[in-house]
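Breakdown of the fold
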Amino acid sequence: MRKIIVSFLAVTLCLLFSQSIKAEIKLPAIVSSNMVLQRNTTVVLWGWADANEKITIETSWLKQKMKLKADNEGNWRIEVETTNSKATQRIKISSEASDIILENILFGEVWLCSGQSNMYQPLKGYNGQPTFGSNTAVAKSYNTNLRLFSVDKVGSKTPMQDIENYTAWQQASPTNVLDFSAIGYFFGQQLQEILDCPVGIIHTSWGGSLVQAWMSNEAISPYQKVDLEKVDVSKKANRIPTALFNSMINPLVPYAIKGVLWYQGESNRKEPENYKKLFPAMVEDWRTRWAIGDFPVYYVQIAPYTYDKKSSYQTVENTAFIREAQLECLDLIPNAGIAITMDIGDENSIHPPKKKEVADRLLYNALNQTYGYKTIDYASPTYASHEVKDGGVIVKFKNAATGLYSYDKLEGFEIAGADKIFYPADAKIVNRKEVYVMSDKVQNPVAVRYAWCNWIVGTLFDTNLLPASSFRTDKWNDAVQFEK
């Protein structure tokens, strides 16, 4: 009899213990209090629980409770409609073992910022490398309608379900914006003010990263085979294909976003033709995974910088080739825009301090192309065609409806004849919308190049001071530059 009682108590204790250790619901890091949910759309809430766990979700803006059940592996997700309300919202997620309350949630515009060190550069700048205007920006940064989320730098061999290290959603304030992406902050702060609605900025970037690191295995496999079995991703993960996608992008999917801001390219500058394949492939893959259509992607052309002073004119050591590739990606990526930075580089720093100007140009793209502000000029003058005339060359441009402008004398133009030798040229704006280029060294000109070098300060703009990209009218692979 005593043995029966002992056995009964043991079974009872086991049952009670098994009930007490029932797993609580787990949410991804990106889904938390203080978050911004994309307004007026369908967003996804998701997470993990026990297999087949019954879950109830209540929101402050929907009358009906939502009931769902985790699948056999414990995964769950549900689509939820958001509104245009500016009021703070609340979500309650409950189950037998959980009672989660998310508070201070806003509906607004959510943008993801990614890339390498120029996107990562914080408002406080790097050591000895400032971000211009940061002190005033910090002083004015308190804003309950601007929310920031940061993903810390970590790599992974395989796609991760959740973010390993991060700074959770927080309201912008002088105590937390200093370490946040300067471009992300300047873009978000101005967008919030102009649209008069909440804005959420998700920052996930890593200095020195290759575009390959931000691509999934599926996206990169047509171009190269990736085997990370014996690779140590704790070292130089920013140079390892798929490693950053796995840990810093995949866990963010399917959090609803409005669009992506991208500033990357320095690390791929010596493979311009490959970049024209990889970057569009990355964008297409991200869009497929988010499954919210061709969301806008606005990206920055790398700025002029000294790089290697001995670089060859006609090799990929000349970063004009990667700038050309980035410009040509506009024709390869639907619903995209580019911010040209020919006038705001820094000769001695790969991290130009004028980050607000970069953010402004990304903002102009978003305002015009995404938010319908059609009177906002966003597109820099772009080479369209040329005509040999009167011993020189007339260069015509797209995106120059309001005319061309130069603060002073046009510089950085070169001209060549059939011998493919480029000579420094005189250039001037004619008819307010074309550029006439000539040199007494070239009697029968054939081609023109502009800013075709690593370091230069751009001198050609439209009347809203958007700079023209470096360009060439030829496709020669054996041109040379005249040397005095």
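All residue numbers refer to position in the chain's written sequence, counted from 1. The predicted origin of the model limits local features to residues at a pLDDT of at least 70 and limits the giving and counting of side-chain atom pairs to 80 or more, whereas totals for whole chains, interfaces and linings rest on all residues. To obtain the side-chain values, all non-hydrogen atoms of the structure were included, while hydrogens and water were left out.

Further remarks concern the pattern of salt bridges. The salt bridge criterion pairs a side-chain nitrogen of Lys or Arg with a carboxyl oxygen of Asp or Glu, the two atoms within 4 Å. Here the structure, examined in full by the defined rule, presents 20 salt bridges. A salt bridge links Lys92 to Asp99, with the nearest nitrogen and oxygen atoms 3.8 Å apart. Across the pair Arg289 and Glu218 runs a salt bridge whose closest N-O atoms are separated by 2.9 Å. Of this pair, Arg289 sits in helix 7 (residues 272-290) while Glu218 sits in helix 5 (residues 217-220), and the two are 71 residues apart along the sequence. Salt bridges sharing common partners tie together Glu273, Lys276, Glu324, Glu328, Arg449, Arg472, Asp474 and Lys475. Only DSSP runs of H or I covering at least 4 residues are called helices, and only runs of E covering at least 2 are called strands; the numbering of each starts at the N terminus.

Right, let's get into the nonpolar core. Ranked by size, the top nonpolar core spans 104 residues in total, and within it Trp76 and Trp286 carry the most contacts. At 8 residues, the largest contribution of residues to this core is made by helix 7. Trp286 has contacts with Leu112, Ser114, Trp214, Phe245, Ile249, Val260, Trp262 and Phe295, leaving out every residue within four places of it along the chain. With 35 residues, the next largest nonpolar core counts Cys113, Val138, Leu195 and Cys197 among its residues. To qualify as a nonpolar core, a set must consist of buried Ala, Val, Leu, Ile, Met, Phe, Trp, Tyr and Cys residues joined through side-chain atoms within 4.5 Å. When accessible area is computed with a 1.4 Å probe and restricted to protein chains, residues below 20% of their type maximum are described as buried, those above 50% as exposed, and intermediate ones as partly exposed. The contact criterion used throughout is that any non-hydrogen atoms of two residues lie within 4.5 Å.

Quick look at the sheet that holds strand 19 (residues 426-430) now. Strand pairing in a sheet is mediated by backbone hydrogen bonds. Such pairs are either parallel or antiparallel. Any two strands between which DSSP finds at least two bridges are classified as paired. The strand order across the open sheet built from 4 strands is 14-15-20-19, with neighbouring strands paired in antiparallel fashion. In this open sheet, the two edge strands, each paired with only one partner strand, are strand 14 (382-389) and strand 19. Recorded for the sheet is a direction-independent mean angle of 25° between the axes of neighbouring strands. The convention used is that axes are lines fitted to C-alpha atoms, helices contributing only their stretch in contact, and that angles between N-to-C directions extend from 0 to 180 degrees.

This paragraph deals with the packing of helix 7 against helix 8 (residues 320-328). Across the interface, helix 7 lies against helix 8 with an axial gap of 9 Å and an inter-helix angle of 25°. When the axes of helix 7 and helix 8 are compared, the pair comes out roughly parallel. Taken as a pair, helix 7 and helix 8 cross one another with a handedness that is right-handed. Across the interface between the two elements, Pro272, Tyr275 and Lys276 of helix 7 pack against Phe321, Ile322, Ala325, Gln326 and Glu328 of helix 8. Residues are grouped as follows: Ala, Val, Leu, Ile, Met, Phe, Trp, Tyr, Cys and Pro are nonpolar; Asp, Glu, Lys and Arg are charged; every other residue, Gly included, is polar. Broken down by class, the residue content of the contact of helix 7 with helix 8 amounts to 5 nonpolar, 1 polar and 2 charged. An angle below 35 degrees is treated as roughly parallel, one above 145 as roughly antiparallel, one from 65 to 115 as roughly perpendicular, and anything else as oblique. The handedness criterion is simple: a crossing whose near helix is rotated anticlockwise from the far helix by less than a right angle is left-handed, and one whose near helix is rotated clockwise is right-handed.

What follows deals with the pairing of strand 20 (residues 434-438). Burial analysis of strand 20 places 4 of its 5 residues in the buried class, which makes it a mostly covered element. As paired elements, strand 15 (residues 392-398) and strand 20 share 4 bridges and run antiparallel to each other. Note that in strand 20 the partner of Ile394 across the bridge is Tyr436. As judged from the 5 bridges shared by strand 19 and strand 20, these two strands associate in the antiparallel manner. The partner of Lys428 across the bridge, within strand 20, is Tyr436. Taken together, strand 19 and the strand that follows it, strand 20, pair antiparallel across an intervening segment of 3 residues, in which Asn431 is found at a positive phi of about 55°.

Patch membership needs two things, relative accessible area over 30% and no salt bridge, and members are linked within 9 Å if like-charged or within 5 Å if nonpolar (Val, Leu, Ile, Met, Phe, Trp, Tyr). Methods summary: accessible areas were calculated by the Shrake-Rupley approach with a probe of 1.4 Å, and residue burial reflects only the protein chains presented. Taken together, the side chains of Tyr405, Tyr407 and Leu465 present a nonpolar region at the surface, about 300 Å² in accessible area. Relative to the helices and strands, Tyr407 resides in the loop between strand 16 (404-405) and strand 17 (413-416).

Right, let's talk about the sheet that holds strand 18 (residues 421-424) for a bit. Taking strand neighbours across the sheet as the criterion, the 5 strands line up as 23-21-17-18-24 in an open arrangement whose pairing is mixed. Of all the strands in the sheet, the pair left with one neighbour each is strand 23 (471-472) and strand 24 (480-481). As judged from the 2 bridges shared by strand 18 and strand 24, these two strands associate in the parallel manner. Counterpart to Phe422 in the pairing with strand 24 is Gln481.

What follows covers helix 4 (residues 182-195). Take the residue count of a helix, subtract one, and multiply by 1.5 Å to get its expected span. With 14 residues, helix 4 should reach 20 Å at 1.5 Å per residue; the first-to-last C-alpha distance of 20 Å fits that figure. Counting buried positions over the 14 residues of helix 4 gives 11, a clear majority of the element. Looking only at helix 4, the buried set comprises Ala182, Ile183, Gly184, Tyr185, Phe186, Phe187, Gly188, Gln190, Leu191, Gln192 and Leu195. One or two positions beyond helix 4, positive phi appears at Asp196, with a value near 55°.

Okay, unusual backbone geometry next. Going from Val253 to Pro254, the amide bond is cis rather than trans, its omega being 15°. Structurally, Pro254 can be placed in the loop between helix 6 (243-249) and strand 11 (259-263). Located in the positive-phi region is Asn40, a residue other than glycine, with phi close to 50°. Summarising the element assignment, Asn40 is placed in the loop between strand 1 (36-38) and strand 2 (42-48). Look at Asn52: it is not a glycine, yet its phi comes out positive at around 65°. Within the secondary structure layout, Asn52 lies in the loop between strand 2 and strand 3 (54-59). A relative accessible area of 36% means that Asn52 is categorised as partly exposed.

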